[in-house]
Amino acid sequence: MSNRIIKKLEEDKKLLSIYFTAGYPEIENTVQIIQDLEKNGVDMIEIGLPFSDPLADGPTIQASSTTALQNGMTSEVLFNQLADIRKSVSIPLIIMGYFNPMMQYGVEEFCKKCQEIGIDGLIIPDLPVDVYNEDYRAIFEKYGLLNVFLITPQTSEERIRFIDSVSNGFIYMVSSASVTGSKSGFGNEQTHYFERIAAMNLKNPQIVGFGIKDSETFQQATKTAKGAIIGSAFIKHLTEKGINTISDFTKTIR
Amino acid sequence: MSYQANEKGYYGEFGGAFIPEMLYPNCEELRQNYVRIMQEESFKKEFDSLLKDYVGRPTPLYFAERLSKKYKTKIYLKREDLCHTGAHKVNNTIGQILMAKKLGKNRIIAETGAGQHGVATATVCALMGIECVVYMGEIDIARQAPNVARMKMLGAEVRPALSGSRTLKDATNEAIRDWINNPVDTHYIIGSVVGPHPYPDMVARFQSVISEEIKWQLQEKEGRENPDFVVACVGGGSNAAGAYYHYLDNEEVGIIAVEAAGHGIHSGESAATSALGKIGIIHGSKTLLMQTPDGQITEPYSISAGLDYPGVGPMHANLFASGRGEFISITDDEAMTAGLLLSKLEGIIPAIESSHAFAIFETRKFKENDIVVVNLSGRGDKDLNTYIDYFKLA
């Protein structure tokens, strides 16, 4: 399988991944944001498909989702915007969204579209691993999509081993017990958690998300993990500085 | 075929636990323990004694003679409106606060729409001396001021939900986020038969005392345990789940669910989920919900704040899809008229939620010797201003 995520994970470097909400701040910004992130050395992108009721997200991402929906973003609109994205962008692209919009689009249709466009993986926080295994794994695999699962500081060792065994690509390691964008800086508790996971020698590398917002937190998170994902802090930058200064943001990270 | 939840929390194809991994340890702890704890003798004893001495159970099963005469059938009212705090909601909050104590939790969170579940939660937290935070949509806080004051007087903190549409579904989102942020010490008391497994089943079990009592009370009055029909209003569906519970698998008993049509099913301002909803995921449960073709959850409308939830519990979605339940929707106007009629005929002012259930008699005809039990889920005190404005009574 020639999935771009797998290849990227093989590179001998720490990976910077950025999340943004499709359709925010303006509906037509999607492609430009993706292109600029790649130009500025970002290794991987999570394209957020907005949802009306994003349970795992904090106020920053929810507010961007609300605006994106008001702007008219839908699964269909996003797929149309991304139709030619592989002509200009080569880094791995992941769609991150909640399960209901996928269900309504039709899970198989959704996956098929992703493959046509050149999407490499999906992150669906509210699709539990057991339901995925029973009902959807075959479909995802048919269309060459990696499905990324989350672990948290409360996830038991047994369950982490289980998630590792069914994952293919990387594990999304939630830094602390929180929704997105809610913690500032990492303390001893997180450091200990990062070390505990590293010591488990999992087959899949881990990429840390939630609470990464600057160079310091990026360094801390990637000391043991393969990479880190920034979401809320990037959305805040877009809100405050607009979409033409993405390099100003990426420069502050590394 | 059973209409109860299976081990994984599914009613037919509805239910389950579609939750982010952050919630898995909390829900899993509850899932592994709730049945065992509910079956412990010490738990049952404490639950029963609080229901009796604190809530005021059993609530009467009252033969509504004048109403029966008008509609030419035999109508009994299950008087949940006489529960402490004014509605059936407290049956569940008593159960869940005891569950939380057994699980060693020392902080309670809850969501509320109209404020009834918030008040019932604040009440039991005061009773147990446990910290209580209630999430309520900013818009609901403004339109339900008396219940906000009640919660504060009972010692709860009321936190406004400022996101999304700033009503019940957003209050639920905020409560879930709080639970994600406080995974160890906090128990989340969901107020209806909604949310991820095991909530729908657990809440239904706590509310099942309603049909348990109907059975022996009807035996006393009519010499039979089974009515011909049980009627209840359905928003999320907790009072209905309790009223149906012991009759679910007894198909001799007809189940009638009454939803809020608001200004009319196709008016764009409605909460009739069975008619307008499609299968999807809301608050961790696969069920029927009102949504856009793209899968965004829409805002429902009803004059009754307790019925304007965009989904319906998975038990009820299955009753609808399987045809086991008969679903009827009632407009604001029909419900208000029925509420006034019950007040004048029986001297009982019902909550507007419950008024919806009484409105069906105008169009749904029953046989003269049919026994129809209507769950009178709450009293109308909280709705007095709405009634006054509607009927220009002041």
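Definitions and cut-offs
- Residues numbered from 1 in each chain as written.
- Chains lettered and ligands numbered in written order.
- Predicted model: local features only at pLDDT ≥ 70, side-chain atom pairs only at ≥ 80, totals over all residues.
- Heavy atoms only, no water.
- Helix = DSSP H or I, 4+ residues; strand = E, 2+ residues; numbered from the N terminus.
- Contact = heavy atoms within 4.5 Å.
- Areas by Shrake-Rupley, 256 points an atom, 1.4 Å probe, with all protein chains shown as cover.
- Pairing = 2+ DSSP bridges.
- Axes fitted to C-alpha atoms, helices over the stretch in contact; angles between N-to-C directions.
- Salt bridge = Lys/Arg side-chain N within 4 Å of Asp/Glu carboxyl O.
- Polar contact = N/O pair within 3.5 Å; in protein donor to acceptor, adjacent residues only side chain to side chain.
- Nonpolar A, V, L, I, M, F, W, Y, C, P; charged D, E, K, R; others polar.
- Domains from an automatic or database assignment.
- Buried area = accessible area lost by both parts, 1.4 Å probe.
- Parallel < 35°, antiparallel > 145°, perpendicular 65-115°, else oblique.
- Buried < 20%, exposed > 50% of the residue type's maximum accessible area, 1.4 Å probe, protein only.

Caption draft 1: Looking closely at the overall build of chain B. In terms of regular secondary structure, chain B is built from 16 helices and 14 strands. Principal-axis analysis of the C-alpha atoms places the extent of chain B at approximately 55 × 45 × 40 Å. Sequence separation of at least 24 residues holds for 73% of the intrachain contacts in chain B that already meet a minimum separation of 6. Counting every atom, chain B has about 14100 Å² of accessible surface; 51% of that belongs to carbon and sulfur.

Caption draft 2: Spatial organisation of the sheet that holds strand E13 (residues 325-331) of chain B. Residues and elements named next belong to chain B. Pairing within the open sheet is mixed, and its six strands lie in the order E3-E4-E14-E9-E10-E13. Here the strands that pair on one side only, and so sit at the sheet edges, are strand E3 (61-63) and E13. Here the average twist between neighbouring strands, direction ignored, is 25°. Where helix H10 (residues 209-222) meets the sheet, its contacts fall on E3, strand E4 (74-79) and strand E14 (371-376), and the angle it forms with E4 comes to roughly 135°. The strands touched by helix H14 (residues 332-346) are E3, E4, strand E10 (254-262), E13 and E14; relative to E13, the strand with the most contacts, the crossing angle is about 95°.

Caption draft 3: Expanded view of the interface of chain A and chain B. Residue-level contacts link 36 residues of chain A with 34 residues of chain B. Counting the contacts that link chain A with chain B gives three salt bridges. Of the charged contacts in the structure, one is a salt bridge between glutamate 134 of chain A and lysine 8 of chain B, with a shortest N-O distance of 3.2 Å. Connecting chain A to chain B are 19 residue pairs in polar contact (both at pLDDT 80 or more). Contributing elements (two or more residues each) for the side of chain A that touches chain B: helix H3 (59-70), helix H5 (99-105), helix H7 (129-142), strand E6 (150-151) and helix H8 (157-166) of chain A. Broken down by element, the side of chain A that touches chain B gets its largest block of residues, five residues, from H5 of chain A. Class assignment for the residues of the side of chain A that touches chain B results in 20 nonpolar, eleven polar and five charged.

Caption draft 4: Quick peek at the domain arrangement of chain B. All names here are of chain B. Assigned domains of chain B: these are domain 1 (11-50 + 89-203) and domain 2 (56-86 + 208-391). The gap between the C-alpha centroids of domain 1 and domain 2 is 22 Å. Between domain 1 and domain 2, the contact holds 35 residues from the first and 37 residues from the second. The contact between domain 1 and domain 2 buries some 2700 Å² in all, and 64% of this surface belongs to carbon and sulfur atoms. Taken together, the connections running from domain 1 to domain 2 amount to one salt bridge. As a salt-bridge pair, aspartate 308 and arginine 143 come within 4.0 Å of each other at their nearest N and O atoms. Taken together, the links from domain 1 to domain 2 amount to ten residue pairs in polar contact (both at pLDDT 80 or more). Looking at the side of domain 1 that touches domain 2, the elements that each hand over two or more residues are strand E2 (14-15), helix H4 (89-102), helix H5 (116-128), helix H8 (168-181) and helix H9 (199-207). Here the element with the most residues in the side of domain 1 that touches domain 2 is H8; it accounts for five residues. For the side of domain 1 that touches domain 2, the per-class residue count stands at 16 nonpolar, 14 polar and five charged.

Caption draft 5: Expanded view of unusual backbone geometry. Residue and element names in this part refer to chain B. The linkage connecting arginine 57 with the following residue, proline 58, adopts the cis geometry, with an omega of 0°. With respect to the helices and strands, the residue proline 58 is situated in the loop between helix H2 (41-55) and E3. A cis amide bond links histidine 197 to the next residue, proline 198, at an omega of 15°. Here proline 198 shows up in the loop between strand E8 (186-189) and H9. Although it is not a glycine, lysine 392 adopts a positive phi angle of roughly 50°. Structurally, lysine 392 can be placed in the segment after helix H16 (384-391).

Caption draft 6: Representation of the packing of H5 of chain B against helix H7 (residues 145-153) of chain B within the structure. Residues and elements named next belong to chain B. Between H5 and H7, the shortest axis-to-axis distance is 9 Å and the interhelical angle comes to 10°. On the basis of their axis angle, the class for H5 and H7 is roughly parallel. Here Gln116, Gly118, Val119 and Ala122 of H5 come into contact with H7, specifically with Asn147, Arg150 and Met151. When its residues are assigned to classes, the contact of H5 with H7 shows three nonpolar, three polar and one charged.

Caption draft 7: Expanded view of the pattern of salt bridges. Residue and element names in this part refer to chain B. Inspection of every chain in the model, using the stated rule, returns 42 salt bridges over all chains. Of the charged contacts in the structure, one is a salt bridge between arginine 31 and glutamate 28, with a shortest N-O distance of 2.8 Å. One end of the pair is arginine 31 and the other is glutamate 28, both in helix H1 (residues 24-39) and three residues apart, which spans about a single turn. Residue arginine 31 is classed as partly exposed on the basis of its relative accessible area of 35%. Close ionic contact of aspartate 178 with arginine 107 constitutes a salt bridge, the shortest N to O distance being 2.9 Å. Here aspartate 178 is found in helix H8, whereas its partner arginine 107 is found in strand E5 (residues 107-112), with 71 residues between them in sequence.

Caption draft 8: The arrangement of the side chain of lysine 105 of chain B in detail. All names here are of chain B. One can find lysine 105 in the loop between H4 and E5. Lysine 105 gets classed as buried once you look at its relative accessible area, which sits at 9%. Of the polar contacts made by the side chain of lysine 105, one reaches the backbone oxygen of valine 184; its length is 2.9 Å. With near-sequence residues (within four places) excluded, lysine 105 lies in contact with Glu29, Ala100, Pro183, Val184, Asp185, Thr186 and His187.

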